[in-house]
Amino acid sequence: MTMPHLIAAKRGKPGDDPIFALNAEANRRKAAGEPVVNATLGALQGDDGKLSVLPTAARAMREVPAAEFAAYAPIAGPEPFLAAVADDVLGAGAPRRSQVASCATPGGTGALRHAIACFLEPGQALLCTSFYWGPYATLAEETGRKLATFRMFSDDTATALDAADLDRALGDLATSQGRALVILNDPCHNPTGYSMSAADWQAVSGVLLRHAERMPVTLVLDAAYAAFGPPGAMRTALAALDRIGDRVLVLHAWSASKSMTHYGARVGALLAVVPDEAARKDVAAALAFACRGTWSNCNRGGMHAVTRLLADPATRAAVDAERAGLTSLLASRVEAFNAEARRHGLRYPRYDGGFFVTVFCAKPKDAAARMREEGVFVVPVDGGLRVGICSVAAGDVPRLVSSMARALG
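No experiment lies behind these values; they were computed from the predicted model shown.

Let's talk about helix α10 (residues 277-293)
Item 1. Compared with an ideal rise of 1.5 Å per residue, which puts 17 residues at 24 Å, α10 spans 24 Å between its outermost C-alpha atoms and is within 8% of the ideal.
Item 2. Within α10, the full set of buried residues consists of R280, V283, L287, A290 and C291. The arc that holds every buried residue of α10, seen down its axis, measures 105 degrees, which confines them to one face. Across from the buried face of α10, at angles greater than 90 degrees, the exposed residues are A278, K281, D282, F289, R292 and G293.
Item 3. Lining the buried residues of α10 we find β2 (100-105), α5 (107-119) and β8 (268-273).
Item 4. Where α10 begins, the capping side chain belongs to D276, and its oxygen is found 3.2 Å from the backbone nitrogen of A278.

Printed below as a string of C-alpha coordinates:
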(Lines give C-alpha, C1' and ligand atoms only; values in the text may rest on other atoms or scores of the structure.)
Protein backbone atom coordinates (compact mmCIF):
# COMPACT_ATOMS: atom_id res chain seq x y z
CA MET A 1 0.00 0.00 0.00
CA THR A 2 1.38 3.39 -0.99
CA MET A 3 1.62 5.84 1.86
CA PRO A 4 0.05 9.24 1.03
CA HIS A 5 2.51 12.10 0.72
CA LEU A 6 -0.15 14.74 0.15
CA ILE A 7 -1.36 16.05 3.50
CA ALA A 8 -4.93 15.20 4.48
CA ALA A 9 -6.21 18.77 4.18
CA LYS A 10 -5.17 18.91 0.51
CA ARG A 11 -6.55 15.58 -0.65
CA GLY A 12 -9.68 15.23 -2.77
CA LYS A 13 -9.73 18.78 -4.04
CA PRO A 14 -11.26 19.55 -7.45
CA GLY A 15 -8.53 19.91 -10.05
CA ASP A 16 -10.27 22.75 -11.86
CA ASP A 17 -12.46 25.68 -10.89
CA PRO A 18 -16.12 24.74 -11.62
CA ILE A 19 -16.65 27.83 -13.79
CA PHE A 20 -13.54 27.15 -15.86
CA ALA A 21 -14.58 23.50 -16.19
CA LEU A 22 -17.99 24.50 -17.57
CA ASN A 23 -16.33 26.95 -19.94
CA ALA A 24 -13.99 24.22 -21.17
CA GLU A 25 -16.92 21.89 -21.87
CA ALA A 26 -18.76 24.63 -23.75
CA ASN A 27 -15.68 25.35 -25.85
CA ARG A 28 -15.17 21.65 -26.65
CA ARG A 29 -18.74 21.29 -27.85
CA LYS A 30 -18.53 24.48 -29.87
CA ALA A 31 -15.29 23.31 -31.52
CA ALA A 32 -17.08 20.09 -32.47
CA GLY A 33 -19.62 22.12 -34.45
CA GLU A 34 -22.44 22.45 -31.93
CA PRO A 35 -24.24 25.83 -31.77
CA VAL A 36 -23.40 26.68 -28.16
CA VAL A 37 -24.39 29.69 -26.06
CA ASN A 38 -21.68 30.10 -23.42
CA ALA A 39 -22.57 32.40 -20.52
CA THR A 40 -20.07 31.03 -18.00
CA LEU A 41 -16.80 32.94 -17.99
CA GLY A 42 -16.48 36.51 -16.72
CA ALA A 43 -14.63 37.99 -19.68
CA LEU A 44 -16.18 40.60 -21.95
CA GLN A 45 -16.59 39.44 -25.55
CA GLY A 46 -17.87 41.18 -28.64
CA ASP A 47 -20.87 39.91 -30.57
CA ASP A 48 -18.36 38.14 -32.81
CA GLY A 49 -17.35 35.92 -29.88
CA LYS A 50 -13.85 37.39 -29.65
CA LEU A 51 -12.36 38.81 -26.46
CA SER A 52 -12.93 42.57 -26.22
CA VAL A 53 -9.62 44.33 -25.60
CA LEU A 54 -9.24 48.09 -25.15
CA PRO A 55 -6.87 49.22 -27.93
CA THR A 56 -5.18 51.87 -25.79
CA ALA A 57 -4.58 49.38 -22.96
CA ALA A 58 -3.14 46.85 -25.41
CA ARG A 59 -0.84 49.47 -26.89
CA ALA A 60 0.37 50.50 -23.43
CA MET A 61 1.26 46.87 -22.71
CA ARG A 62 3.16 46.50 -26.00
CA GLU A 63 5.11 49.71 -25.43
CA VAL A 64 6.57 48.69 -22.07
CA PRO A 65 10.40 48.57 -22.51
CA ALA A 66 11.86 45.08 -22.46
CA ALA A 67 14.09 45.81 -19.49
CA GLU A 68 11.07 47.07 -17.54
CA PHE A 69 9.18 43.85 -18.22
CA ALA A 70 12.16 41.64 -17.41
CA ALA A 71 13.28 43.17 -14.11
CA TYR A 72 11.99 42.24 -10.67
CA ALA A 73 9.40 44.58 -9.20
CA PRO A 74 9.69 45.82 -5.60
CA ILE A 75 8.08 43.35 -3.21
CA ALA A 76 5.16 45.62 -2.29
CA GLY A 77 4.95 47.06 -5.80
CA PRO A 78 6.43 50.15 -7.50
CA GLU A 79 5.54 53.39 -5.72
CA PRO A 80 4.22 55.09 -8.91
CA PHE A 81 1.84 52.18 -9.44
CA LEU A 82 0.60 52.17 -5.84
CA ALA A 83 0.12 55.94 -5.95
CA ALA A 84 -1.80 55.76 -9.23
CA VAL A 85 -4.11 53.06 -7.86
CA ALA A 86 -4.76 55.00 -4.65
CA ASP A 87 -5.58 58.10 -6.69
CA ASP A 88 -7.88 56.03 -8.90
CA VAL A 89 -9.75 54.55 -5.95
CA LEU A 90 -9.97 57.50 -3.57
CA GLY A 91 -9.11 60.54 -5.68
CA ALA A 92 -5.81 62.41 -5.52
CA GLY A 93 -7.15 65.10 -3.20
CA ALA A 94 -9.35 62.92 -0.99
CA PRO A 95 -8.97 63.50 2.77
CA ARG A 96 -8.11 59.83 3.40
CA ARG A 97 -5.65 59.57 0.51
CA SER A 98 -2.74 60.14 2.93
CA GLN A 99 -3.95 57.28 5.15
CA VAL A 100 -3.32 54.50 2.62
CA ALA A 101 -1.08 51.47 3.16
CA SER A 102 -1.02 49.23 0.10
CA CYS A 103 0.66 46.50 -1.88
CA ALA A 104 0.55 45.13 -5.41
CA THR A 105 -1.20 41.80 -5.90
CA PRO A 106 -1.76 39.34 -8.76
CA GLY A 107 -5.21 40.63 -9.69
CA GLY A 108 -8.07 41.24 -7.34
CA THR A 109 -7.85 37.62 -6.21
CA GLY A 110 -4.45 38.30 -4.66
CA ALA A 111 -5.86 41.31 -2.85
CA LEU A 112 -8.64 39.20 -1.38
CA ARG A 113 -6.14 36.53 -0.37
CA HIS A 114 -4.10 39.03 1.63
CA ALA A 115 -7.21 40.54 3.23
CA ILE A 116 -8.35 37.13 4.46
CA ALA A 117 -4.89 35.98 5.60
CA CYS A 118 -3.87 39.21 7.33
CA PHE A 119 -7.09 40.26 9.04
CA LEU A 120 -8.57 36.95 10.19
CA GLU A 121 -7.05 34.33 12.46
CA PRO A 122 -6.77 30.74 11.15
CA GLY A 123 -10.06 28.93 11.63
CA GLN A 124 -12.13 32.12 11.66
CA ALA A 125 -14.80 32.92 9.06
CA LEU A 126 -15.08 35.78 6.61
CA LEU A 127 -18.59 37.13 5.99
CA CYS A 128 -20.16 37.91 2.61
CA THR A 129 -23.56 38.02 0.96
CA SER A 130 -25.46 34.79 0.28
CA PHE A 131 -24.93 35.32 -3.45
CA TYR A 132 -21.16 35.48 -3.85
CA TRP A 133 -18.25 34.84 -6.20
CA GLY A 134 -17.39 31.16 -5.69
CA PRO A 135 -13.61 31.63 -5.21
CA TYR A 136 -14.28 33.50 -1.94
CA ALA A 137 -14.88 30.05 -0.45
CA THR A 138 -11.78 28.63 -2.15
CA LEU A 139 -9.62 31.49 -0.83
CA ALA A 140 -10.98 30.97 2.67
CA GLU A 141 -10.33 27.24 2.63
CA GLU A 142 -6.87 27.54 1.09
CA THR A 143 -5.79 30.01 3.78
CA GLY A 144 -7.22 27.90 6.62
CA ARG A 145 -10.26 30.11 7.15
CA LYS A 146 -14.00 29.60 6.66
CA LEU A 147 -16.84 31.39 4.90
CA ALA A 148 -20.12 32.55 6.42
CA THR A 149 -22.92 34.42 4.66
CA PHE A 150 -25.78 36.72 5.46
CA ARG A 151 -28.97 36.80 3.41
CA MET A 152 -28.41 39.28 0.58
CA PHE A 153 -32.08 40.13 0.00
CA SER A 154 -34.97 39.80 2.42
CA ASP A 155 -37.42 38.77 -0.33
CA ASP A 156 -37.51 37.97 -4.02
CA THR A 157 -38.14 41.58 -5.04
CA ALA A 158 -34.40 42.03 -4.34
CA THR A 159 -34.64 45.79 -4.07
CA ALA A 160 -32.57 46.34 -0.92
CA LEU A 161 -29.67 44.68 0.86
CA ASP A 162 -30.77 42.81 3.98
CA ALA A 163 -28.96 44.88 6.64
CA ALA A 164 -30.94 43.17 9.41
CA ASP A 165 -29.48 39.80 8.52
CA LEU A 166 -26.01 41.35 8.28
CA ASP A 167 -26.57 42.57 11.84
CA ARG A 168 -27.53 39.05 12.94
CA ALA A 169 -24.49 37.47 11.24
CA LEU A 170 -22.08 39.99 12.77
CA GLY A 171 -23.58 39.29 16.17
CA ASP A 172 -22.85 35.60 15.68
CA LEU A 173 -19.25 36.35 14.71
CA ALA A 174 -18.80 38.65 17.69
CA THR A 175 -19.77 35.76 19.94
CA SER A 176 -17.86 33.02 18.13
CA GLN A 177 -14.61 34.72 17.07
CA GLY A 178 -14.44 38.29 18.35
CA ARG A 179 -13.59 39.92 15.03
CA ALA A 180 -15.14 40.26 11.58
CA LEU A 181 -13.96 40.59 8.00
CA VAL A 182 -16.86 41.51 5.70
CA ILE A 183 -16.47 41.36 1.91
CA LEU A 184 -18.93 43.42 -0.12
CA ASN A 185 -18.70 43.08 -3.90
CA ASP A 186 -19.97 46.47 -5.04
CA PRO A 187 -20.84 48.17 -7.32
CA CYS A 188 -21.94 45.71 -10.03
CA HIS A 189 -22.09 42.75 -7.68
CA ASN A 190 -20.84 39.41 -8.96
CA PRO A 191 -23.00 37.40 -9.58
CA THR A 192 -26.21 39.49 -9.52
CA GLY A 193 -25.29 42.83 -11.14
CA TYR A 194 -26.83 44.65 -8.16
CA SER A 195 -25.31 47.92 -6.90
CA MET A 196 -25.93 49.14 -3.39
CA SER A 197 -28.03 52.29 -3.10
CA ALA A 198 -27.35 55.21 -0.75
CA ALA A 199 -30.02 53.74 1.55
CA ASP A 200 -28.27 50.35 1.48
CA TRP A 201 -24.98 51.97 2.42
CA GLN A 202 -26.57 53.99 5.20
CA ALA A 203 -28.10 50.86 6.71
CA VAL A 204 -24.92 48.78 6.32
CA SER A 205 -22.76 51.57 7.76
CA GLY A 206 -24.91 51.78 10.86
CA VAL A 207 -24.68 48.03 11.41
CA LEU A 208 -20.89 47.99 10.96
CA LEU A 209 -20.39 50.92 13.34
CA ARG A 210 -22.49 49.30 16.06
CA HIS A 211 -20.47 46.09 15.92
CA ALA A 212 -17.17 47.98 15.72
CA GLU A 213 -17.85 49.14 19.29
CA ARG A 214 -17.35 45.57 20.57
CA MET A 215 -14.86 43.97 18.16
CA PRO A 216 -12.44 44.78 15.31
CA VAL A 217 -14.46 45.06 12.09
CA THR A 218 -12.77 45.12 8.69
CA LEU A 219 -14.71 45.82 5.51
CA VAL A 220 -13.31 44.78 2.11
CA LEU A 221 -14.81 46.56 -0.87
CA ASP A 222 -14.30 44.27 -3.84
CA ALA A 223 -14.98 46.70 -6.69
CA ALA A 224 -13.63 44.65 -9.60
CA TYR A 225 -16.48 45.71 -11.91
CA ALA A 226 -16.84 49.32 -10.80
CA ALA A 227 -15.63 50.73 -14.13
CA PHE A 228 -18.74 49.27 -15.77
CA GLY A 229 -21.14 50.50 -13.10
CA PRO A 230 -23.80 53.18 -13.02
CA PRO A 231 -22.64 56.80 -12.74
CA GLY A 232 -22.04 57.81 -9.14
CA ALA A 233 -22.09 54.29 -7.68
CA MET A 234 -18.49 54.44 -6.46
CA ARG A 235 -18.98 57.95 -5.10
CA THR A 236 -21.91 56.66 -3.07
CA ALA A 237 -19.82 53.81 -1.68
CA LEU A 238 -16.79 55.99 -0.93
CA ALA A 239 -18.89 58.59 0.88
CA ALA A 240 -20.27 55.89 3.17
CA LEU A 241 -16.84 54.37 3.76
CA ASP A 242 -15.38 57.77 4.58
CA ARG A 243 -17.98 58.22 7.32
CA ILE A 244 -17.10 54.94 9.04
CA GLY A 245 -13.35 54.92 8.35
CA ASP A 246 -12.27 56.07 11.82
CA ARG A 247 -13.81 53.00 13.51
CA VAL A 248 -14.02 50.37 10.77
CA LEU A 249 -10.90 49.35 8.87
CA VAL A 250 -11.67 49.79 5.18
CA LEU A 251 -9.82 47.74 2.55
CA HIS A 252 -10.12 48.11 -1.22
CA ALA A 253 -9.49 45.12 -3.49
CA TRP A 254 -8.53 46.71 -6.81
CA SER A 255 -8.06 44.97 -10.15
CA ALA A 256 -7.04 45.97 -13.68
CA SER A 257 -8.38 42.73 -15.14
CA LYS A 258 -11.83 43.99 -16.07
CA SER A 259 -11.31 47.74 -16.16
CA MET A 260 -8.34 47.43 -18.55
CA THR A 261 -9.50 44.18 -20.27
CA HIS A 262 -6.17 42.51 -19.44
CA TYR A 263 -7.21 39.53 -17.36
CA GLY A 264 -3.98 37.59 -17.90
CA ALA A 265 -1.67 40.44 -16.89
CA ARG A 266 -2.66 39.76 -13.25
CA VAL A 267 -2.35 43.34 -12.06
CA GLY A 268 -4.11 44.26 -8.83
CA ALA A 269 -3.63 45.88 -5.45
CA LEU A 270 -4.90 45.87 -1.88
CA LEU A 271 -5.38 49.28 -0.25
CA ALA A 272 -5.93 49.68 3.48
CA VAL A 273 -7.17 53.04 4.77
CA VAL A 274 -5.60 53.33 8.23
CA PRO A 275 -6.00 56.66 10.07
CA ASP A 276 -3.43 55.96 12.80
CA GLU A 277 0.14 56.38 11.54
CA ALA A 278 1.72 53.66 13.70
CA ALA A 279 -0.99 51.17 12.77
CA ARG A 280 -0.61 52.17 9.11
CA LYS A 281 3.10 51.35 9.16
CA ASP A 282 2.36 48.01 10.79
CA VAL A 283 -0.23 47.16 8.14
CA ALA A 284 2.13 48.17 5.33
CA ALA A 285 4.86 45.93 6.74
CA ALA A 286 2.44 43.01 7.16
CA LEU A 287 1.26 43.31 3.56
CA ALA A 288 4.81 43.42 2.21
CA PHE A 289 5.75 40.41 4.36
CA ALA A 290 2.72 38.51 3.04
CA CYS A 291 3.75 39.33 -0.53
CA ARG A 292 7.24 37.92 0.04
CA GLY A 293 5.79 34.80 1.61
CA THR A 294 3.38 34.02 -1.23
CA TRP A 295 4.16 35.31 -4.75
CA SER A 296 7.19 37.45 -3.81
CA ASN A 297 6.49 40.15 -6.38
CA CYS A 298 4.08 40.90 -9.22
CA ASN A 299 4.13 41.53 -12.98
CA ARG A 300 6.40 44.57 -13.31
CA GLY A 301 5.61 45.19 -16.97
CA GLY A 302 1.90 45.01 -16.38
CA MET A 303 2.11 47.44 -13.47
CA HIS A 304 4.21 49.83 -15.58
CA ALA A 305 1.56 49.85 -18.31
CA VAL A 306 -1.33 50.23 -15.86
CA THR A 307 0.44 53.14 -14.15
CA ARG A 308 0.54 54.93 -17.50
CA LEU A 309 -3.11 54.09 -18.20
CA LEU A 310 -4.13 55.56 -14.84
CA ALA A 311 -1.77 58.50 -14.46
CA ASP A 312 -1.18 59.91 -17.96
CA PRO A 313 -4.18 62.20 -18.68
CA ALA A 314 -4.31 61.67 -22.45
CA THR A 315 -3.90 57.91 -22.18
CA ARG A 316 -6.52 57.70 -19.44
CA ALA A 317 -9.00 59.75 -21.44
CA ALA A 318 -8.53 57.47 -24.45
CA VAL A 319 -9.05 54.27 -22.49
CA ASP A 320 -12.08 55.74 -20.68
CA ALA A 321 -13.67 56.57 -24.03
CA GLU A 322 -13.02 53.07 -25.36
CA ARG A 323 -14.43 51.51 -22.20
CA ALA A 324 -17.58 53.57 -22.58
CA GLY A 325 -18.21 51.74 -25.85
CA LEU A 326 -17.97 48.39 -24.07
CA THR A 327 -20.31 49.62 -21.34
CA SER A 328 -22.85 50.51 -24.04
CA LEU A 329 -22.45 47.03 -25.52
CA LEU A 330 -23.22 45.51 -22.12
CA ALA A 331 -26.21 47.80 -21.67
CA SER A 332 -27.71 46.71 -24.99
CA ARG A 333 -27.42 43.07 -24.00
CA VAL A 334 -29.01 43.68 -20.63
CA GLU A 335 -31.85 45.58 -22.30
CA ALA A 336 -32.44 42.57 -24.54
CA PHE A 337 -32.21 40.21 -21.54
CA ASN A 338 -34.66 42.27 -19.49
CA ALA A 339 -37.20 42.31 -22.31
CA GLU A 340 -37.01 38.54 -22.82
CA ALA A 341 -36.90 37.75 -19.10
CA ARG A 342 -40.01 39.83 -18.41
CA ARG A 343 -41.82 38.05 -21.23
CA HIS A 344 -41.00 34.67 -19.67
CA GLY A 345 -41.65 35.79 -16.07
CA LEU A 346 -38.14 35.22 -14.73
CA ARG A 347 -37.26 36.68 -11.32
CA TYR A 348 -33.89 38.30 -10.64
CA PRO A 349 -32.36 41.24 -8.73
CA ARG A 350 -32.19 44.73 -10.16
CA TYR A 351 -29.26 44.87 -12.62
CA ASP A 352 -27.16 48.03 -12.26
CA GLY A 353 -24.10 47.15 -14.33
CA GLY A 354 -21.22 44.74 -14.60
CA PHE A 355 -20.77 41.37 -16.23
CA PHE A 356 -23.45 39.19 -14.63
CA VAL A 357 -27.14 38.70 -13.95
CA THR A 358 -28.47 35.98 -11.63
CA VAL A 359 -31.94 34.48 -12.03
CA PHE A 360 -33.53 33.04 -8.90
CA CYS A 361 -33.85 29.25 -9.00
CA ALA A 362 -34.70 26.68 -6.31
CA LYS A 363 -32.72 23.84 -7.93
CA PRO A 364 -29.92 25.52 -9.88
CA LYS A 365 -27.79 22.43 -10.57
CA ASP A 366 -30.71 20.58 -12.12
CA ALA A 367 -31.78 23.57 -14.17
CA ALA A 368 -28.23 24.24 -15.41
CA ALA A 369 -27.88 20.57 -16.42
CA ARG A 370 -31.11 20.75 -18.44
CA MET A 371 -29.84 23.88 -20.19
CA ARG A 372 -26.54 22.18 -21.04
CA GLU A 373 -28.50 19.46 -22.80
CA GLU A 374 -29.73 22.24 -25.12
CA GLY A 375 -26.22 23.64 -25.58
CA VAL A 376 -26.77 26.62 -23.29
CA PHE A 377 -24.23 27.07 -20.48
CA VAL A 378 -24.79 29.07 -17.29
CA VAL A 379 -23.27 28.69 -13.81
CA PRO A 380 -25.40 27.26 -10.99
CA VAL A 381 -24.95 29.14 -7.72
CA ASP A 382 -26.74 28.68 -4.41
CA GLY A 383 -30.24 29.99 -5.08
CA GLY A 384 -29.86 30.93 -8.71
CA LEU A 385 -28.38 30.67 -12.19
CA ARG A 386 -25.53 33.07 -12.97
CA VAL A 387 -25.58 34.45 -16.51
CA GLY A 388 -22.35 35.94 -17.86
CA ILE A 389 -24.09 38.54 -19.99
CA CYS A 390 -20.60 39.84 -20.78
CA SER A 391 -19.99 36.89 -23.10
CA VAL A 392 -23.41 36.47 -24.76
CA ALA A 393 -24.08 38.13 -28.11
CA ALA A 394 -27.32 40.10 -28.23
CA GLY A 395 -28.63 37.77 -30.91
CA ASP A 396 -28.23 34.77 -28.59
CA VAL A 397 -30.16 36.31 -25.69
CA PRO A 398 -33.61 35.04 -26.78
CA ARG A 399 -32.31 31.47 -27.03
CA LEU A 400 -30.59 31.74 -23.64
CA VAL A 401 -33.69 33.09 -21.89
CA SER A 402 -36.11 30.63 -23.49
CA SER A 403 -33.84 27.73 -22.53
CA MET A 404 -33.71 29.02 -18.96
CA ALA A 405 -37.48 29.42 -18.84
CA ARG A 406 -37.93 25.79 -19.93
CA ALA A 407 -35.36 24.61 -17.37
CA LEU A 408 -37.11 26.52 -14.59
CA GLY A 409 -40.54 25.36 -15.66
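From this point, things continue past the structure.
A few points about the pairing of β8
Item 1. For β8, the buried fraction is high: six of the six residues fall into the buried class.
Item 2. Note that β2 and β8 share six bridges and pair antiparallel. Its bridge partner being in β8, C103 is matched across the sheet by L270.
Item 3. Pairing analysis gives six bridges linking strand β7 (residues 249-255) to β8, with the strands arranged antiparallel. For L251, the partnering residue across the bridge sits in β8 and is A272.

Some points on the pattern of salt bridges
Item 1. One pass over the full model with this rule turns up 20 salt bridges.
Item 2. Residues K10 and E142 are paired through a salt bridge, measuring 2.9 Å at the closest nitrogen-oxygen approach. Placement of the pair is K10 in the segment before α1 (18-31) and E142 in helix α6 (residues 135-142), with a sequence separation of 132 residues.
Item 3. A salt bridge links E213 to R247; its shortest N-O distance comes to 3.0 Å. Pair noted here: E213 is in the loop between α8 (198-212) and β6 (217-222) and R247 is in the loop between α9 (233-244) and β7, with a separation of 34 residues, a long-range link.
Item 4. Three or more residues are tied together by salt bridges with common partners; here these are D88, R316, D320 and R323.

Brief notes about the state of the cysteines
Item 1. Using the criterion set out here, one finds zero disulfides in the structure.
Item 2. Of the cysteine sulfurs around C118, a residue in no disulfide, the closest is that of C103, at 7.7 Å.
Item 3. For C118, a relative accessible area of 31% translates into the label partly exposed.
Item 4. For C298, which is in no disulfide, the shortest distance to another cysteine sulfur is to C291 and amounts to 6.2 Å.

Structural notes on the packing of aromatic side chains
Item 1. Scanning the model with the defined rule gives 10 aromatic pairs in all.
Item 2. Judged by centre distance (6.5 Å) and plane angle (45 degrees), the rings of F131 and F153 are tilted. Highlighted residues: F131 in the loop between β3 (125-129) and α6 and F153 in the loop between β4 (146-150) and α7 (163-176), separated in sequence by 22 residues.
Item 3. F131 sits in the buried class, given a relative accessible area of 9%.
Item 4. Ring centres of W133 and Y136 lie 5.8 Å apart, and the angle between their planes is 90 degrees; this geometry places the pair in the edge-to-face category.
Item 5. Exposure remark for Y136: the relative accessible area of 2% places this residue in the buried category.

Focus: the nonpolar core
Item 1. Counting residues in hydrophobic clusters, the biggest one holds 69 residues, and the most contacted among them are F81, W254, F337, F355, L400 and M404.
Item 2. Looking at this core, the element that brings in the most residues is helix α4 (residues 79-90), giving seven residues.
Item 3. Those residues in contact with F81 that lie beyond four places of it in its chain are A104, W254, V267, G268, A269, M303, V306 and T307.
Item 4. With 41 residues, the next largest nonpolar core counts L127, M196, L208 and A223 among its residues.

What to know about the sheet that holds strand β12 (residues 384-388)
Item 1. Ordered by their spatial adjacency, three strands build an open sheet running β9-β12-β11, and the pairing between neighbours is antiparallel. Of all the strands in the sheet, just β9 (356-360) and β11 (379-381) have a single pairing partner and so form its edges. Sheet twist, expressed as the average angle between the axes of neighbouring strands with direction ignored, equals 30 degrees.
Item 2. Sheet analysis places β9 next to β12, joined by five bridges and oriented antiparallel.

Procedures and definitions
- Residues numbered from 1 in each chain as written.
- Predicted model: local features only at pLDDT ≥ 70, side-chain atom pairs only at ≥ 80, totals over all residues.
- Heavy atoms only, no water.
- Helix = DSSP H or I, 4+ residues; strand = E, 2+ residues; numbered from the N terminus.
- Expected span 1.5 Å × (residues − 1).
- Buried < 20%, exposed > 50% of the residue type's maximum accessible area, 1.4 Å probe, protein only.
- Arc of directions from axis to C-beta.
- Contact = heavy atoms within 4.5 Å.
- Polar contact = N/O pair within 3.5 Å; in protein donor to acceptor, adjacent residues only side chain to side chain.
- Pairing = 2+ DSSP bridges.
- Salt bridge = Lys/Arg side-chain N within 4 Å of Asp/Glu carboxyl O.
- Disulfide = S-S within 2.5 Å.
- Phe/Tyr/Trp six-rings, centres within 6.5 Å; stacked < 30°, edge-to-face > 60°.
- Core = buried A, V, L, I, M, F, W, Y, C linked by side-chain atoms within 4.5 Å.
- Axes fitted to C-alpha atoms, helices over the stretch in contact; angles between N-to-C directions.

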